[in-house]
Amino acid sequence: MPKVLIATEKAFAAEAVQLLKAELNAAKYEQVWLENYTDVNELYAAVADAEAIIIRSDIVDAKVLEAAKKLKIVVRAGAGYDNVDLPAATAKGVVVMNTPGQNSNAVAELAIGMMIYMARGKFNGKSGSELAGKNLVLYGFGFVARYVAKIARGIGMHIYAYDPFISNEIMTKDGVTPLCSVEDIFKTGDYISLHIPATAETKKSINWNLLGLVKDTCTIVNTARKEVIDEEALLRAFAEKKKFRFVSDVEPGCAAEMMEKYGDRAYFTPKKMGAQTEEANVNAGVAAAKQIIAFFEKGDKTYKVN
Ligand code: 3PG
């Protein structure tokens, strides 16, 4: 029976581990668990005879793939797969999948939570502001953005979105006003929530041409990838726009400078934690196990991304 390696530098919650084990046990698949590892050599060794791997943000690059002589499938338990070298996997005939939507509500709740945290001055006891009545713009309208929109509707925000790959009908059905250009995102938002993937096209794409357009009071919330923002432009936005705020799930490279100069206007999670809930871990972990079983038993390649 196939041997599955579960390699999670940031381990799944205990309940997810239990359910994932049960899923693979029921299929009689062999399992190897490598959790909270700190040395990539541990991964090279563990992957050597695995036919399948389940990962989170763990890096699966050409070296890992080279060490994995029997590998047939990698499932990223989550949405973003910028941590997997897709061309290298394809060249080796390895199928790569993600588990879209499974951890999205957790990320959306964190995005909204961080907005409230900043609107209320990091809960400092002083007078803050409310989200109701403010413009929320979603840059990208995938699963996470749709959950953010759902929560924001309940709060009473005016919701806008821009996503060149999603039809206006889908947005309007969700009560979201479609915007026509990337520039409109940055001009319109009191809160701008980023939901674009990190690709060659999007990396550093949020530059001064866009950040220069934001309102003086704008708050940007990043639960996507830090690489999509040009950090020099971000520092300039803090310097030129006196009430500009920025919150991010995982700190940017310039975090120390930002906290020192603009600490009351910035917040960063200490470790990426958008999807770090029991529910998200259960959903994404079990989905990953099911996808691996369906792949080996039925040749099912739904959710293949390479
Ligand atoms: C994702 O892409 O699904 C999220 O960024 C979550 O990543 P994580 O599993 O490493 O927490």
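What counts and how
- Residues numbered from 1 in each chain as written.
- Predicted model: local features only at pLDDT ≥ 70, side-chain atom pairs only at ≥ 80, totals over all residues.
- Heavy atoms only, no water.
- 1 Å grid on protein atoms, 1.4 Å probe; cavity = no way out; pocket = protein on both sides within 12 Å on 5 of 7 lines; lining within 4 Å.
- Points joined across faces, edges and corners; volume = space filled by probe spheres on them.
- Pairing = 2+ DSSP bridges.
- Helix = DSSP H or I, 4+ residues; strand = E, 2+ residues; numbered from the N terminus.
- Domains from an automatic or database assignment.
- Contact = heavy atoms within 4.5 Å.
- Salt bridge = Lys/Arg side-chain N within 4 Å of Asp/Glu carboxyl O.
- Nonpolar A, V, L, I, M, F, W, Y, C, P; charged D, E, K, R; others polar.

Engineer: Would you mind going over empty space enclosed by the protein with me for this structure?
Structural biologist: One way to see where empty space is left: roll a probe the size of a water molecule over the atoms. Per the counting criterion, the structure on display carries 1 cavity of 30 Å³ or more. For the largest cavity, the calculated volume is near 30 Å³. Forming the boundary of the largest cavity are Asn 222, Lys 226, Ile 229, Glu 231, Phe 246, Ser 248, Val 250 and Pro 252.

Engineer: So what exactly am I meant to see when it comes to the sheet that holds strand E9 (residues 191-194) here?
Structural biologist: Pairing between the strands of a sheet is mediated by backbone hydrogen bonds and can be parallel or antiparallel. As summarised here, the arrangement of the 7 strands in space is E8-E7-E6-E9-E10-E11-E12, forming an open sheet in which the pairing is parallel. In the strand order of this sheet, the two ends are held by strand E8 (177-178) and strand E12 (266-268), each with one partner. In this sheet, E12 lies alongside strand E11 (residues 245-248) in parallel orientation, the contact comprising 3 bridges. Looking at the pairing, Phe 246 lines up with Ala 266 of E12.

Engineer: Is there a simple way to explain the domain arrangement of the protein chain in this structure?
Structural biologist: The accessible area lost on association of the parts is a frequent measure of interface size. Here the domain parsing of the protein chain yields domain 1 (3-102 + 277-298) and domain 2 (104-268). Look at where the C-alpha atoms of domain 1 and domain 2 centre, and you get two points 30 Å apart. The partner domain 2 presents 5 residues to the 8 residues of domain 1 that form the contact. For the pair domain 1 and domain 2, the interface holds 1 salt bridge. Note that Arg 225 is salt-bridged to Asp 82, the shortest N-O span being 3.1 Å. Counted by class, the side of domain 1 that touches domain 2 contains 2 nonpolar, 4 polar and 2 charged residues.

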